[in-house]
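# Observations on chain architecture
So the chains spell out like this:
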Amino acid sequence: MLYKNVWKTLAGKWMQLLAIAVIIVMSSLTYTMMFYGISGIEVPTEEYLASSNQEDFAVEMLNRVTAEEATAPALADFIASGRYTLSDLQRVDEAAFDALVTARIDAVERDMGNATLELRASKLINYPFGSSEHRGLVLKEADAINLSYLEAGKRPVRDDEVAINAKYAEKNDIAIGDTIDLGSPFTVSGFVLFPDYTLPLFDENYFNLDPGTQTLLLMTDNAYEEVTGTESFRLAGATDGTVVTDIELPFVISVMETENIMRSGAIYSEISSGKAMALGLSLFIVSIAVIIVAILISNMLEAERGQIGLLKAIGYNRRQIAIPYLVLILVFATIMLVIGYFLGLYFAEPLKNLYLDFYLLPSITIAQSPLVFLTAVFAPLFFFALVAGAVIYKIMGESALALLSPRDNVSLNRLSRIVSRMLRNTRGKTKFKYLYAVKSTGSFIIFFLGILFSTLLIVFALMMNGAVDRMTVGELNEADYAYEAYTTTQPTLRDGQEPFLTYPFAFVEDKLVTLKGLDATNTLDRLIDEDGNDLTPAADEVIVSASLALKLGLETGDTLKIELEDETLSYPIRGIADEYMGDTVYLSRAALSEQLSDGTTDELFNGIYATERPDETDYPTIISRSGLIEQSQSINEYMNLMMNVMIGGSALIAFSILFVLTALTVEKNYYVISLLKVMGYNRREVRSMILNSYFMYALASALLSIPIALLILRVIIVVFAEDYGLVLPLEFEWVYVLYTLGAVTLLFFASTFISRRKIDQIPLQEVLKTYQE
């Protein structure tokens, strides 16, 4: 009998329960999906990195001969020839190169203590594939640190064999045994992974993470030496002790632990932060659901005080009356949590595959875990039982006489007093309107948190719009050249070619930067500031990239001190170029040429911008601008997906909260609504007095949430810049305030549509019926 009565009561509130069900399902779904999705890569990743002896730290070093090293007699002829890079030295005198590297390793090991170091060489190549431009990072097999991991096939044993990434092969329909052209034909012998490149981040200039257009390549040592590409060297290190990061040696740029290196350590923060985020989001969402259920139960029991009092008067005790309410609520919550668990399990595989679209890692089939099921279902259920039980226990604890008697008006809470003081000079209608919404402190807090959560995600998604584009190809979109090419000679320039000079070994405040010399007459690659104004390099001034300016706090007019070999040069900053693809200082090509040639010439160049593809005999390294832009599409699509998920999830939660709270407000105030109609207020006025105050509070909550969102995002930007040296060019425009308020407005009126109709349907006779009772 009691169960049937409670069931009928709950069935009459099916729409509110449906909205609550959405929130409960999302809680269980979020935790299950993220936990299983991350676990699907975590377990095999830990085994893979351990078996491949991933480096514990990396020593980024100058890829040129330092002034101290240049004093060695064995290098005198090499330096005199005007060459200075380690690649040049290896080609000219391999014995001198080996001796120099050995000396560097010995120097680091002396300062580091108990550590083992190994040279890590790589070459970045560009090659046409089909109608696109692809990139590859060529590596040799290591001796002890960062050993390659074979997913299928075999390692190259012949000089015309190559191993590639499985994800790259999948996206380009390449099978083992196929031939690909990397300047010369290579047969694919297998699919390979490298533990120091779990993220395919090949250089600092382009944050392109598309495994469909770029791949790691494993070749034999002979094949590696024959490949033409931009070569770089670093030292990979392993140690059982503490990593010493403050080594002061002339050739050392930085010493970074693996956890802080973007290309290899981002996966650690992804796994740890992903699990923490899964649990945090799940708890946040389920907390909202628990409190809303508590409000629903409280309102439902308040509406049935008389019936409950009558049951107690005829002999039913507290436990007999309470159990049906508690059991049916917990059954409802259990069903929703289980549904959420299995939906999360279903979406975990796509989430894992989404990670593996960018991270070069092995994976395993997702297996269910009893602990995850218990955490996703029974942990929230425990909270439901506690809160629902407490609410029911409190109301059922009143005597039968108290339950049968009309409840006295509850005094104003603190929030109501604050609002009342703010409205003391307004009309009575206005006071009623805005005081009614804050009558229940608990309901208003949930309302505010829902709007706050939604606004945070909406603002973040809006600010991410275009950020990846600015970070990857923002400068390229404004350029007019088709190709960027590099040379080691001084070929004759042709029509449609404009020269530039780069020197990637300068320092600003102990930070390695690239000096780039441009001509004032250059038109193919124009520098512009954030306002769209042209910036032209001058002989006695420099222009810095926005990423470098943000990292070092530089502004126009500041004096920039550049350490160039054994000299320190000072230049005023003429402007900040609106580009984030590298830490670059732009200056006059003639001035940089004179500086590098000790005043012998102002005509040096080592690269060109061209409208037509240059001759490969003159320019061994040719980069297609359209190819680079195409390579950024994958990360842009990923970010757009994340933006849509954030906006959609926040909208769904906010909609459910607003719908439940406004529906409960209407149900709780049938008598008041009917009384207002009897007093002569029309339907529009009644709607305004009962619901529209929530609208103003929603807008106020959204406005308050925007600075909170900006503060949180500022912290994220600082963390990425300090820990990874990566600047996220998030931009806030004032029009985003209008977009956010517009989104909140749409959510509010969509969620209150049914509640408004219910207000219209409440008859005037309701007040008479209530009075008669």
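Throughout what follows, the structure given in this document is the object of discussion. (Residues numbered from 1 in each chain as written. Predicted model: local features only at pLDDT ≥ 70, side-chain atom pairs only at ≥ 80, totals over all residues. Heavy atoms only, no water.)

Okay, the side chain of T487 next. Along the polypeptide, T487 turns up in the loop between β11 (483-486) and β12 (497-508). Judged by its relative accessible area of 8%, T487 is buried. Side-chain polar atoms of T487 contact the backbone oxygen of D618, separated by 2.9 Å. Aside from chain neighbours lying at most four places away, what touches T487 is F605, N606, G607, D618, Y619 and P620. (Helix = DSSP H or I, 4+ residues; strand = E, 2+ residues; numbered from the N terminus. Buried < 20%, exposed > 50% of the residue type's maximum accessible area, 1.4 Å probe, protein only. Polar contact = N/O pair within 3.5 Å; in protein donor to acceptor, adjacent residues only side chain to side chain. Contact = heavy atoms within 4.5 Å.)

There is a patch of like negative charges on the surface, built from E68, E565, D566, E567 and D598. Here D566 lies in the loop between β17 (559-564) and β18 (567-577). For D566, a relative accessible area of 66% gives the class exposed. (Patch = residues over 30% accessible without salt bridge, like charges linked within 9 Å, V, L, I, M, F, W, Y side chains within 5 Å. Areas by Shrake-Rupley, 256 points an atom, 1.4 Å probe, with all protein chains shown as cover. Salt bridge = Lys/Arg side-chain N within 4 Å of Asp/Glu carboxyl O. Lys, Arg positive; Asp, Glu negative; His and termini not counted. Charge placed at Lys NZ, Arg CZ, Asp CG, Glu CD.)

Okay, the environment of A610 next. Mapped onto the elements, A610 comes out in strand β20 (residues 607-610). Along the chain, A610 and E498 lie 112 residues apart, while their C-alpha atoms are 6.5 Å from each other. A610 has contacts with Y481, A482, Y483, G496, Q497 and L524, leaving out every residue within four places of it along the chain.

What follows is about the pattern of salt bridges. Scanning all chains against the criterion turns up 20 salt bridges. A salt bridge links E170 to K167, with the nearest nitrogen and oxygen atoms 3.7 Å apart. In this pair, E170 and K167 are both assigned in helix α6 (residues 166-171), 3 residues apart and thus about one turn of the helix distant. Across the pair R574 and E541 runs a salt bridge whose closest N-O atoms are separated by 3.4 Å.

For the rest of this paragraph, the subject is the nonpolar core. In this structure, I24, L216, I297, F332, Y359 and F384 are the most contacted members of the largest nonpolar core, which totals 73 residues. When contributions to this core are tallied by element, the ones reaching two or more residues are α2 (14-51), β3 (132-139), β7 (185-193), β8 (214-218), α8 (262-303), α10 (318-356) and α11 (370-396). L216 has contacts with L137, L139, A163, I164, N165, F194, Y197, F202 and L360, leaving out every residue within four places of it along the chain. L100, M112, I164 and A169 belong to the second largest nonpolar core, which has 45 residues in total. (Core = buried A, V, L, I, M, F, W, Y, C linked by side-chain atoms within 4.5 Å.)

Bringing empty space enclosed by the protein into the picture now. Per the stated rule, a full pass over the model turns up 3 cavities of 30 Å³ or more. Considering the residues around the second largest cavity, the lining is formed by T492, R494, Q497, D615, D618 and Y619. Counted by class, the lining of the second largest cavity contains 1 nonpolar, 2 polar and 3 charged residues. (1 Å grid on protein atoms, 1.4 Å probe; cavity = no way out; pocket = protein on both sides within 12 Å on 5 of 7 lines; lining within 4 Å. Points joined across faces, edges and corners; volume = space filled by probe spheres on them. Nonpolar A, V, L, I, M, F, W, Y, C, P; charged D, E, K, R; others polar.)

This part is about the pairing of β18. Summarising the sheet, strand β16 (residues 542-545) and β18 pair through 4 bridges and their orientation is parallel. Note on β18: the bridge partner recorded for V542 is I573. Between β17 and β18, which pair antiparallel in sequence order, lie 2 residues; one of them, E565, sits at a positive phi of approximately 55°. (Pairing = 2+ DSSP bridges.)

As a further point, take the packing of aromatic side chains. Counted according to the given criterion, the structure contains 15 aromatic pairs. Relative to F373, the ring of Y341 lies with its centre 4.9 Å away and its plane at 90°, an arrangement referred to as edge-to-face. Highlighted residues: Y341 in helix α10 and F373 in helix α11, separated in sequence by 32 residues. One aromatic cluster in this structure is built from Y36, Y341, F342, F373 and F378. Here the guanidinium or amino end of K123 rests over the ring plane of Y224, the centre of that ring lying 4.8 Å away. Sitting above the plane of the F500 ring, K516 keeps its charged end 4.6 Å from the centroid. (Phe/Tyr/Trp six-rings, centres within 6.5 Å; stacked < 30°, edge-to-face > 60°. Lys NZ or Arg CZ within 6 Å of the ring centre and 35° of its normal.)

A cluster of nonpolar side chains, V327, V331, I335, I339, L343, Y346 and F347, forms an exposed patch at the surface whose accessible area comes to about 600 Å². Tracing the backbone through its elements, the reader meets L343 in helix α10.

As a further point, take the environment of S272. Structurally, S272 can be placed in helix α8. Classification of S272 as partly exposed rests on a relative accessible area of 45%. Spatially, the C-alpha atom of S272 lies 9.1 Å from that of I38, the residues being 234 residues apart in sequence.

For the rest of this paragraph, the subject is helix α5 (residues 94-112). For α5, with 19 residues, the first-to-last C-alpha span of 26 Å sits near the 27 Å given by 1.5 Å per residue. All buried positions along α5 are accounted for by A96, F97, L100, V101, R104, I105, A107, V108 and M112. For α5, the secondary structure elements touched by its buried residues are β1 (57-61), α4 (86-92), β2 (116-129), β9 (230-238) and β10 (252-257). Looking one or two residues beyond α5, the residue adopting positive phi is G113, at roughly 90°. (Expected span 1.5 Å × (residues − 1).)

You will see that N53, though not glycine, has its phi angle at about 55°, which is positive. Position of N53 relative to the elements: it lies in the loop between α2 and β1. For N53, a relative accessible area of 32% gives the class partly exposed.

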